[in-house]
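This is what each chain is made of:
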Amino acid sequence: MLKILLIDDEEPIRKVLGLYLRSKDYEVITAADGREGIEAFQQESPAVVLTDIKMPGMDGIEVLKRVKEMNPETEIIVITGHGDMDLAVQALQLDASDFITKPVDNQALSVALKRAKERMEIRRRLKEYTDNLEVMVKEATAELQKAHDFQTNLIQNSIDGIIAADEDGTILVFNQGAEELTGRTASEVIGKMDIDSIYPPGASKTVHETFAAEAYGGKNRLVNYEIPLLSKSGKEIPVRISGAALFEEGRATGIVCFFQDLREIKRLERELIQSERLSAIGQAVAGMAHYTKNILNGLQGGVYIVNTSLKKNKPDLLPKGWAMVENNVGRISDLVMNMLIYSKEREPDYVDCSPNDIAQEVYNLMHETLEAEAAKVHDLTKRQYRVKLFKDLDPSISHCYMDPTGVHRCLLNLVTNAIDACTLESDEDKDFSIIIRTRKEDEGVRFDVVDNGSGMTDKVQEKLFERFFSTKGPKGTGLGLLVTRKIVDEHRGRISFKSSPGKGTTFTMRFPCDKERSGNGTAPKS
Amino acid sequence: MAKKILIVDDEIEQIDFASTILEETGHTLITAMDGREGMNKAKAEKPDLILMDIMMPEQGGIGMYQNLKHDDETKNIPVIIVTGITRGGGFDDVLVRQDQDIPAPEGYIEKPMNPETVLKMVNDLLP
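What counts, and at which threshold
- Residues numbered from 1 in each chain as written.
- Chains lettered and ligands numbered in written order.
- Predicted model: local features only at pLDDT ≥ 70, side-chain atom pairs only at ≥ 80, totals over all residues.
- Helix = DSSP H or I, 4+ residues; strand = E, 2+ residues; numbered from the N terminus.
- Buried ≥ 20, exposed ≤ 12 C-beta atoms within 10 Å, placed from the backbone.
- Expected span 1.5 Å × (residues − 1).
- Pairing = 2+ DSSP bridges.
- Axes fitted to C-alpha atoms, helices over the stretch in contact; angles between N-to-C directions.
- Parallel < 35°, antiparallel > 145°, perpendicular 65-115°, else oblique.
- Left-handed = near helix turned anticlockwise from the far one by under 90°.
- Contact = placed C-beta atoms within 7 Å.
- Nonpolar A, V, L, I, M, F, W, Y, C, P; charged D, E, K, R; others polar.
- Core = buried A, V, L, I, M, F, W, Y, C linked by C-beta atoms within 7 Å.
- pLDDT = per-residue confidence, 0-100.

Some words on unusual backbone geometry
- In the segment running from A:K102 into A:P103, the intervening peptide bond is cis, with an omega of -10°.
- Note that the residue after B:K111, namely B:P112, is joined by a cis bond; omega there is -5°.
- On the secondary structure map, B:P112 appears in the loop between β5 (107-110) and α5 (115-125).
- One non-glycine residue, A:R492, adopts positive backbone phi at about 60°.
- Summarising the element assignment, A:R492 is placed in the loop between α14 (479-490) and β16 (494-500).
- The class of A:R492 is partly exposed, set by 17 C-beta atoms lying within 10 Å.

Encoded structure:
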């Protein structure tokens with residue numbers, strides 16, 4: 001029940017209004033003047049005060065002021081005499097809720113009270129809402145805090161290093177993972193260090209460029225890019241970096257990067273390479289053993305023939321035996337050279353030289369070998385030797401920047417293979433020819449070694465560049481082509497072949513010629 | 001009495017080596033440089049012993065051996081196989097897998113050839 005304090009110095013009015021209000025279910029307290037009214041207000045704390053303005057002693061305006069002082073939320077309706085508009089306005093300025101005029105009309109009073117109640121209700125709801133809002137804000141804040149703590153934890157305890165920086169590059173986030181990677185603590189980095197300084201000199205430029213480019217995950221992003229970080233102690237730590245540039249309304253605001261530690265992976269990779277190398281060495285040793293046994297056989301044969309010549313005084317045997325010793329010493333030295341070239345990482349020894357001269361040298365050498373072989377075969381079997389060597393050198397080729405010893409070895413290996421492809425071919429009565437060809441090309445020079453020997457089956461072609469693959473059994477090591485390709489690769493050249501079984505094979509090597517393209521830098525990584 | 005020995009090898013050095021060793025025996029030496037020529041000479045010359053390399057072009061060595069042992073004219077000629085492949089893991093397996101009926105050769109010589117072993121084996125097979 002709503003409590004109303006009714007203050008009026010005229011008793012009949014108090015009575016009539018009191019009756020009316022009680023009939024409308026209000027609890028009514030009455031006071032005959034201002035002072036009494038204030039006292040009643042203090043005791044009863046009514047929600048609504050209905051007061052006459054013109055009263056002896058403390059008038060209605062004064063009552064209004066005091067009540068508002070005590071409880072500003074009290075609804076005060078003033079009763080003014082007819083024509084006292086000035087007082088009514090003054091009362092409203094002092095925050096009275098409403099005014100009604102004398103003689104008090106019941107309906108006007110009802111409307112005034114109804115509005116007062118509505119205002120009270122609005123205030124109540126507002127208050128309730130405000131109270132709720134506070135609770136809700138508190139709850140939301142707690143949620144946010146939790147989410148924030150969770151994210152902070154996530155960032156902090158992520159195994160990956162996480163580093164974020166503002167648009168100037170100043171580091172703002174530096175988690176435990178980053179601490180472990182770099183050996184720096186968050187406190188010595190956050191707000192103090194530039195994100196570029198976590199990379200070795202020069203590497204940050206690469207990172208910026210890669211960020212701006214499309215290659216790794218698109219523009220302004222970086223996905224799985226491998227680069228070293230620089231630790232506090234100056235050690236380079238291999239990491240895989242993923243990151244994104246951050247934007248707010250189109251404006252760059254910073255950058256966040258994730259770093260995966262690759263040290264363990266790199267270590268395992270090294271171990272794998274090492275074990276592969278060991279197993280390759282095992283294979284190589286087995287192949288090499290057969291091959292060297294063959295050479296040893298030749299050497300022992302030569303020595304035996306020389307000894308027989310000396311012991312039995314047969315001077316005609318001496319040159320034959322000695323040639324055999326020499327030949328096999330040559331084979332051993334070729335083998336050792338190939339092994340050395342294959343096993344070492346090396347840069348070609350670039351010299352300004354003539355590719356045609358290299359081809360001519362190889363031609364001369366192999367021509368001589370074939371002539372000697374032909375003479376021996378003829379001597380022994382009265383047959384014509386069926387392998388002939390030709391050259392076809394492009395006179396427009398002048399000079400080239402390459403390693404003549406390496407290229408010489410490549411050609412020698414290819415011609416040796418070509419000869420074997422002819423002589424290992426079954427006993428058809430076919431005339432075999434091998435051509436050493438040079439051609440000038442736009443970007444450099446091309447060497448072809450063409451034979452019409454046995455050719456290669458698809459199976460052989462597939463395995464061609466495998467480690468120590470050989471079709472020659474104990475008469476080959478499988479090293480020749482490996483070494484050849486290695487030398488070509490080191491020159492940043494290309495090697496290719498075309499072959500069909502029974503028809504022959506053509507090997508082609510292309511080398512860049514000018515100083516820049518053949519490269520003064522490091523060898524390409526395979 | 002002088003006998004006839006056929007030496008078959010695709011490498012001239014190997015023929016020279018074997019010839020020099022076998023010259024001591026006083027036997028007549030004839031040579032061939034691949035499987036086909038070897039088979040032809042075996043039939044034409046009827047040697048008393050064949051010393052042959054197994055690693056010759058293509059199927060040369062193994063093919064020739066099979067031909068020899070399947071041909072009535074030549075199947076009784078003793079054969080010494082010269083091989084760089086270690087015995088046991090090599091030639092026998094290949095032969096047996098390819099041809100169940102084929103008899104084993106009368107002798108094996110492993111490279112590098114030891115002249116004394118060659119001489120002893122030849123003398124044993126040519127009494």
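On we go.
Some details on helix α1 (residues 12-23) of chain B
Residue and element names in this part refer to chain B.
- Taking 1.5 Å of rise per residue, 12 residues should cover 16 Å, and α1 covers 16 Å from first to last C-alpha, within 8% of that figure.
- Counting buried positions along α1 gives 11 out of 12 residues, so the element sits mostly inside the fold.
- Along α1, the residues classified as buried are I12, E13, Q14, I15, D16, F17, A18, S19, T20, I21 and L22.

Focus on the sheet that holds strand β8 (residues 221-230) of chain A
All names here are of chain A.
- An order of β7-β6-β10-β9-β8 is seen for the 5 strands of this open sheet, with the pairing classed as antiparallel. Of all the strands in the sheet, the pair left with one neighbour each is β7 (171-174) and β8. Strand-to-strand twist in this sheet, taken as the mean axis angle between neighbours without regard to direction, amounts to 25°.
- Across 10 bridges, the pairing between strand β9 (residues 236-248) and strand β10 (residues 251-261) is antiparallel.

Side note on the packing of helix α10 (residues 317-343) of chain A against α14(A)
All names here are of chain A.
- Taken N-terminus to C-terminus, the directions of α10 and α14 make an angle of 45°; their axes are 9 Å apart at the nearest point. It follows that α10 is oblique to α14 by the angle criterion. α14 is crossed by α10, and the crossing has left-handed handedness. Contact residues: α10 offers N338, M339, I341 and Y342, while α14 offers L479, G480, L482, V483, K486 and I487.
- When the residues that make up the contact of α10 with α14 are grouped by side-chain class, the tally is 7 nonpolar, 2 polar and 1 charged.

Examining the sheet that holds strand β12 (residues 387-392) of chain A
All names here are of chain A.
- Ordered by their spatial adjacency, 5 strands build an open sheet running β12-β14-β15-β17-β16, and the pairing between neighbours is mixed. Unpaired on one side and paired on the other, β12 and β16 mark the two borders of the sheet. For this sheet, the mean inter-axis angle between neighbouring strands, taken without regard to orientation, is 15°.
- Inspection of the sheet shows strand β14 (residues 432-441) paired to strand β15 (residues 444-451) by 8 bridges, in the antiparallel sense. Each residue of the ladder has a partner; that of K440, found in β15, is V445.
- Those strands touched by helix α12 (residues 404-423) are β12, β14, β15 and β17 (504-512), and its axis lies near 20° from that of β15.

A word on the nonpolar core
- Counting 40 residues, the largest nonpolar core has A:V362, A:L411, A:V415, A:A418, A:I434 and A:V449 as the members making the most contacts within it.
- Residue assignment for this core shows that the elements contributing at least two residues are α11 (355-381), β12, β13 (400-402), α12, β14, β15, α14 and β17 of chain A.
- Looking at this core, the element that brings in the most residues is α12(A), giving 10 residues.
- Contact partners of A:L411, with chain neighbours within four places excluded, come to A:I358, A:A359, A:V362, A:I436, A:F447 and A:V449.
- In this structure, B:L6, B:V8, B:M39 and B:L68 belong to the second largest nonpolar core, which totals 37 residues.

Looking at the confidence of the model for chain A
- Residues with a pLDDT of 70 or more make up 95% of chain A, whose mean pLDDT is 87.
- Across residues 518-526 of chain A, where pLDDT falls below 50, the model places 13 contacts with residues more than four positions away in sequence or in other chains.

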